[in-house]
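# A look at the structure
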Amino acid sequence: MSRLLAAALTVALAAALAVGAALGVVALLEATPDQPNTPLITYEQTDQGS
């Protein structure tokens with residue numbers, strides 16, 4: 001019976017650790033500022049006079 005209890009506690013602890021790690025990763029991703037959306041290549045606009 002103690003092995004079953006130890007296994008259940010290990011599973012519960014592992015699940016709690018996984019959920020905490022996932023929430024931590026999400027919090028870190030949301031904390032980083034958004035990168036500016038600037039194009040690497042720009043093309044000159046020419047007036048074609050149509």
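- Taking an unreviewed UniProt entry as the reference, the protein is identified by name as DUF2613 domain-containing protein belonging to Streptomyces violaceochromogenes.

## A word on the overall build of the protein
- Each helix and strand in the protein was counted, giving one helix and zero strands.
- What you see for the protein is a C-alpha radius of gyration of 26 Å, clearly larger than the 10 Å of a compact globule of 50 residues, by over 25%.
- A buried classification covers 0% of the 50 residues belonging to the protein.
- Carbon together with sulfur atoms contributes 66% to the accessible area of the protein, which is approximately 5,200 Å² in total.

## Brief notes about a nonpolar patch on the surface
- Together, Leu40, Ile41 and Tyr43 line one region of the surface with nonpolar side chains, adding up to about 460 Å² of accessible area.
- Of note, Leu40 is situated in the segment after α1 (2-31).

## Some remarks on the environment of Val26
- Relative to the assigned elements, Val26 resides in helix α1.
- C-alpha of Val26 to C-alpha of Arg3: the two residues are 23 residues apart in sequence and 35 Å apart in space.

Here is what the cut-offs are and how they apply
- Residues numbered from 1 in each chain as written.
- Predicted model: local features only at pLDDT ≥ 70, side-chain atom pairs only at ≥ 80, totals over all residues.
- Heavy atoms only, no water.
- Helix = DSSP H or I, 4+ residues; strand = E, 2+ residues; numbered from the N terminus.
- Rg over C-alpha atoms; globule rule 2.2 N^0.38 Å.
- Buried < 20%, exposed > 50% of the residue type's maximum accessible area, 1.4 Å probe, protein only.
- Areas by Shrake-Rupley, 256 points an atom, 1.4 Å probe, with all protein chains shown as cover.
- Patch = residues over 30% accessible without salt bridge, like charges linked within 9 Å, V, L, I, M, F, W, Y side chains within 5 Å.
- Salt bridge = Lys/Arg side-chain N within 4 Å of Asp/Glu carboxyl O.

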